Amino acid sequence: MIKVEVTKKDISVTGHAMYDDYGKDIVCAAASSVITTSVESIASIKEDAIDVKEEQDKLTIIINSHDEITNKLIITMLNLLQELQKKYPQNIKITNKEE
């Protein structure tokens, strides 16, 4: 299962969807696409708004700036991941640690 943990300071993503074999997993591909596009969009607008830390099985997006554009892009990313979670609840789980 892909686990997305959200705080005000960062977003961490771990795991694999396990919907299908590696390389054929549409849930992993969708999540990866949404996250990569969002990170690249933020970085292209305001380079220092986020930092991305990649570890072996974990990606952490560290939020350095809560400006309007960065916040909108992060909210859009999370909304898209939530839609994916609705369709594939056994494969992706989003947890908001701020609640």
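Below is a short write-up of the structure.

Conventions we followed
Residues numbered from 1 in each chain as written. Predicted model: local features only at pLDDT ≥ 70, side-chain atom pairs only at ≥ 80, totals over all residues. Heavy atoms only, no water. Helix = DSSP H or I, 4+ residues; strand = E, 2+ residues; numbered from the N terminus. Rg over C-alpha atoms; globule rule 2.2 N^0.38 Å. Buried < 20%, exposed > 50% of the residue type's maximum accessible area, 1.4 Å probe, protein only. Contact = heavy atoms within 4.5 Å. Areas by Shrake-Rupley, 256 points an atom, 1.4 Å probe, with all protein chains shown as cover. Lys, Arg positive; Asp, Glu negative; His and termini not counted. Charge placed at Lys NZ, Arg CZ, Asp CG, Glu CD. Phe/Tyr/Trp six-rings, centres within 6.5 Å; stacked < 30°, edge-to-face > 60°. Expected span 1.5 Å × (residues − 1). Arc of directions from axis to C-beta. Core = buried A, V, L, I, M, F, W, Y, C linked by side-chain atoms within 4.5 Å. Salt bridge = Lys/Arg side-chain N within 4 Å of Asp/Glu carboxyl O.

### What to know about the overall build of the protein chain
- For the protein chain, the helix and strand inventory stands at 2 helices and 5 strands.
- A globule of 99 residues ought to have a C-alpha radius of gyration of about 13 Å, and the protein chain, at 13 Å, matches this closely.
- Principal-axis analysis of the C-alpha atoms places the extent of the protein chain at approximately 35 × 30 × 20 Å.
- Buried residues in the protein chain amount to 33% of all 99 residues.
- For the protein chain, long-range pairs separated by at least 24 residues make up 55% of all intrachain contacts whose partners lie at least 6 apart in sequence.
- Carbon and sulfur atoms make up 49% of the accessible area of the protein chain, which amounts to about 6,500 Å² in all.
- Across the protein chain, 12 positive and 17 negative side-chain charges occur, with their mean positions spaced 6 Å apart.

### What to know about the packing of aromatic side chains
- Inspection of every chain in the model, using the stated rule, returns 1 aromatic pair.
- Judged by centre distance (5.2 Å) and plane angle (80°), the ring pair of Tyr 19 and Tyr 88 falls under edge-to-face. Taken as a pair, Tyr 19 in the loop between strand 2 (10-14) and helix 1 (26-45) and Tyr 88 in the loop between helix 2 (68-87) and strand 5 (92-96) lie far apart in primary sequence, 69 residues in all.
- A relative accessible area of 22% places Tyr 88 in the partly exposed class.

### Section: helix 2
- Taking 1.5 Å per residue as the helical rise, helix 2 with its 20 residues ought to reach 28 Å, and the 29 Å between its terminal C-alpha atoms agrees with that figure.
- Turning to helix 2, its buried residues are Thr 70, Ile 74, Met 77, Leu 78, Leu 81 and Leu 84. Each buried residue of helix 2 lies within a common arc of 110° when the element is viewed along its axis, so the set occupies one face. Those residues of helix 2 that are exposed and angled more than 90 degrees off the buried face are Glu 68, Lys 72, Lys 86 and Lys 87.
- The inward-facing, buried residues of helix 2 abut strand 1 (2-6), strand 2, helix 1, strand 4 (58-63) and strand 5.

### Quick word on unusual backbone geometry
- Positive phi outside glycine occurs at Met 18, with the angle close to 65°.
- Mapped onto the elements of the fold, Met 18 is located in the loop between strand 2 and helix 1.

### Here's the deal with the nonpolar core
- Residues Ile 2, Val 4, Ile 11, Ile 35, Met 77 and Leu 81 are the most contacted members of the largest nonpolar core, which totals 25 residues.
- Every element with two or more residues in this core is listed here: strand 1, strand 2, helix 1, strand 4, helix 2 and strand 5.
- In this view, Ile 11 contacts Val 4, Glu 5, Val 6, Leu 59, Thr 60, Ile 61, Ile 63, Ile 74, Met 77 and Leu 78; residues no more than four positions away in its chain are not counted.

### Considerations on the pattern of salt bridges
- Applying the stated rule across the entire model yields 3 salt bridges.
- The partner of Glu 83 in a salt bridge is Lys 86, with the nearest N and O atoms 3.1 Å apart. Of the two residues, Glu 83 and Lys 86 both sit in helix 2, 3 residues apart, roughly one turn of that helix.
- Given the relative accessible area of 39%, Glu 83 is considered partly exposed.

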